[in-house]
Amino acid sequence: MSCVLVVGGGGREHALAWALSRSRHVDRLLVAPGNPGTASCRRTRNVAVSPADIAGLVTLCRRESVDLAVIGPEDPLAAGIVDALDAAGVATFGPRAACARLEASKVHCKGFLIDNGIPTAAAEVFEDPHAALAHLASRPDVPVVKASGLAAGKGVIVPETPDEAAAAIRAMLVERRFGSAGEQILLEERLRGREVSVLAFCDGDRFAVLPAAQDHKRLRAGDEGPNTGGMGAFTPSPAVDDRLIRQIGSRVIAPTLAALERAGTPYRGLLYAGLMITGDGPKVIEFNCRFGDPETQAVLPLLRSDLFEIMVACATGTLGDVSIDWAPMASVAVVMASAGYPVAGGEPAAISGLEAAAGEGCVVFHAGTGIVDGALHATGGRVLSVTATGPDVATAAALAHRGVGAIGFEGAQHRADIGRSPAGVHR
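So, here's what we can say about the structure. As a convention, each chain's residues are numbered from 1 in the sequence order in which they are written. Confidence filtering applies because this is a predicted model: local features only for residues at pLDDT of at least 70, side-chain atom pairs given and counted only at 80 or more, and all residues used for totals across whole chains, interfaces and linings. Note that the side-chain values use all heavy atoms of the structure and ignore hydrogens as well as water.

The pairing criterion for strands is at least two bridges between them, as found by DSSP. Working definition: helices are DSSP H or I runs of at least four residues, strands are E runs of at least two. Numbering for both runs from the N terminus. Note: strand E21 (residues 369–372) against strand E22 (residues 375–378), four bridges, orientation antiparallel. Within E22, the position partnered with Gly370 by the bridge is His377.

If you want it as structure tokens, here you go:
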């Protein structure tokens, strides 16, 4: 039997802990720092160690004889937590810092994609606001404005007018709204088509694609409002069939792994390709180097195989030795967010109705929750992900939205169209 550490405290980490707690190999599961949801998983204990405390996490692994560490968030990956754990002899599911640069620096990622012939949008890089604004004025189109660094999923602005694009440039390069993450920006061609997320387990050489999920980044129904970290997801995506998955594998994932292996930095962990399915085929919008949130909450409930076995195989370069089986069903995850999300937080709000949601057949994953005066409260931006499965997306969506309707907290907001209408615009 094994001890596993999951690093992180959001909805993604609750879903990972929930799936790992079902493994026949796991008798102890630690989550650092976790949340009230992870604490409810069987054989699981939250540990008050920050994902940013790499030395503390290494010490925790040694003290608890951790057999496998699973890294949820992007920041510790970029900071080199996998390198540190590898040096300490701890098997880890996640890429080393050299590979995590694909997410940590959009400028680096864009150069990597272009250098390796992987289809992506054209882009220009700027550090000087005057040069960026002059370039904007010379363009016939309105580009997407991207902060190069990690910005918690909020560093991509999709303006509709040149004035909006100029305001986004000033916000990043003049006002420094995203801090060091916005010291470099990209002005990128806006792609048109259907956006999908394709995730793959990787062992450095081989890969296995997860069911394709469709994320909803905009705050409001109909893909209106500001970008967020994600307001919901569903799988399977109507935009992706087996032929397209093979195309994405051969044109995007395989050449990415091959290039990283040639560089002496084999990619082991979860590679997330955010893609736009255009008239010219799939093009990479971005890479993430970890499970997506809320895609994880939608996809993992369909996994029939043992997640621990898959993750160990990725960490040890033996993915070809395990079988991965998915239920031939649909899944829908609907995010419930606080009133001020994504702009501002709010006061803690008591949550009710979780048992009623479970009675509707839903699994409720915690993200921004905490215990206040002995009761569960909404304490963050994205608070819960309400997930349901069914024989088709429509059935799963109906169940998930019934679960959302059973839950209440002051100021709660969600998108009523998750799983009910397609999301098709570039973020």
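Moving on, we get to the sheet that holds strand E7 (residues 144–147). Taking strand neighbours across the sheet as the criterion, the four strands line up as E6-E9-E7-E8 in an open arrangement whose pairing is antiparallel. Looking along the sheet, the strands with just one partner apiece sit at the ends: strand E6 (123–126) and strand E8 (156–157). Taken together, the two bridges between E7 and E8 define a ladder with antiparallel strand orientation. Opposite Val145, over in E8, you have Ile157 as the bridge partner. With respect to the sheet, helix H7 (residues 106–115) is in contact with E6, E7, E8 and strand E9 (185–188), its orientation differing from that of E9 by roughly 50 degrees. What makes two residues a contact is simply this: any of their non-hydrogen atoms within 4.5 Å. Lines are fitted to the C-alpha atoms to define the axes, a helix being fitted only along its stretch in contact, and any angle between axes, read from their N-to-C directions, falls within 0 to 180 degrees.

Attention now goes to the pattern of salt bridges. For this analysis, a salt bridge means a side-chain nitrogen from Lys or Arg found within 4 Å of a carboxyl oxygen belonging to Asp or Glu. Summed over the entire model, instances satisfying the criterion amount to 22 salt bridges. Ionic pairing is found between Glu74 and Arg290, a salt bridge with its closest N-O pair at 3.5 Å. Highlighted residues: Glu74 in helix H4 (residues 74–78) and Arg290 in the loop between strand E17 (281–288) and helix H11 (295–299), separated in sequence by 216 residues. In this structure, Glu74 and Arg290 share a single accessibility class: buried. Where Glu188 meets Lys110, a salt bridge forms, and the shortest distance between an N and an O atom there is 2.7 Å. Of the two residues, Glu188 sits in strand E9 while Lys110 sits in helix H7, which places them 78 residues apart along the sequence. Bridged by salt links that share partners, the residues Arg28, Arg45, Arg63 and Glu64 form one connected network. Whether a residue is buried, partly exposed or exposed follows from its accessible area with a 1.4 Å probe, protein chains only, as a fraction of its type maximum: under 20%, in between, or over 50%, in that order.

Bringing the packing of aromatic side chains into the picture now. Each Phe, Tyr or Trp ring, with Trp reduced to its six-membered ring, pairs with another whose centre is within 6.5 Å; inter-plane angles below 30 degrees give stacked pairs, above 60 give edge-to-face pairs, and intermediate values give tilted ones. Considering all chains together, one arrives at four aromatic pairs under this definition. Arranged with centres 5.6 Å apart and planes meeting at 85 degrees, the rings of Trp18 and Phe365 form a pair that is edge-to-face. Of the two residues, Trp18 is situated in helix H1 (residues 11–20) and Phe365 in strand E20 (residues 363–366); the sequence distance between them amounts to 347 residues. Taken individually, Trp18 and Phe365 each receive the classification buried, so the pair is uniform in this respect. Residues Phe93 and Phe201 carry aromatic rings whose centres are separated by 6.3 Å and whose planes lie at 65 degrees to one another, so their mutual orientation is edge-to-face.

Within the secondary structure layout, Ala165 lies in helix H9 (residues 162–173). Through-space distance from the C-alpha of Ala165 to that of Cys109 is 22 Å; in sequence the pair is 56 residues apart.

All right, on to H1 then. The element H1 is extensively covered by neighbouring structure, given that ten of its ten residues are classed as buried. Residues of H1 that are buried include every one of Gly11, Arg12, Glu13, His14, Ala15, Leu16, Ala17, Trp18, Ala19 and Leu20, and no others.

Once that is clear, we can look at the packing of helix H6 (residues 97–104) against H7. Contact geometry for H6 and H7: axes closest at 6 Å, N-to-C directions at 100 degrees. When the axis of H6 is compared with that of H7, the two are roughly perpendicular. Here Arg101, Leu102 and Ala104 of H6 lie close against H7, whose contacting residues are Lys106, His108, Cys109 and Phe112. Any angle from 65 to 115 degrees is called roughly perpendicular, while one under 35 is roughly parallel, one over 145 is roughly antiparallel, and all others are oblique.

Counting buried residues along helix H12 (residues 307–316), seven of its ten residues qualify, which places the element largely inside the surrounding structure. When we look at burial in H12, the residues that qualify are Leu307, Phe308, Ile310, Met311, Ala313, Cys314 and Ala315. Measuring from the side-chain oxygen of the N-cap residue of H12 to the backbone nitrogen of Phe308 gives 2.9 Å; that N-cap residue is Asp306. Just past H12, the residue Gly317 takes up positive phi, approximately 75 degrees. Side-chain atoms alone can form a polar contact between residues adjacent in sequence; in general such a contact is a pair of N or O atoms within 3.5 Å, and within protein one must be able to donate a hydrogen while the other accepts it.

Next up on the list: the nonpolar core. Core analysis: the biggest nonpolar cluster contains 36 residues, and Leu20, Val70, Phe201, Phe291, Leu307 and Met311 have the highest contact counts within it. For this core, the secondary-structure elements that each account for two or more residues are strand E1 (2–8), H1, strand E2 (26–33), strand E4 (68–71), strand E10 (194–203), strand E16 (268–278) and H12. For this core, the element with the most residues is H12, which contributes seven residues. Setting aside anything within four residues of it in sequence, one finds Val70 in contact with Val4, Leu5, Val6, Val7, Leu16, Leu20, Phe93 and Met311. As used here, the term nonpolar core means buried Ala, Val, Leu, Ile, Met, Phe, Trp, Tyr and Cys residues forming a set that is joined through side-chain atoms within 4.5 Å. Within the second largest apolar cluster, 27 residues are counted, among which are Leu257, Ala259, Tyr267 and Val284.

Within the fold, His108 resides in helix H7. Looking at His108, the relative accessible area reads 23%, which means it is partly exposed. For the pair formed by His108 and Ser237, sequence separation is 129 residues and the distance between their alpha carbons is 29 Å. If near-sequence neighbours (up to four positions away) are discounted, His108 is found in contact with Arg101 and Leu102.

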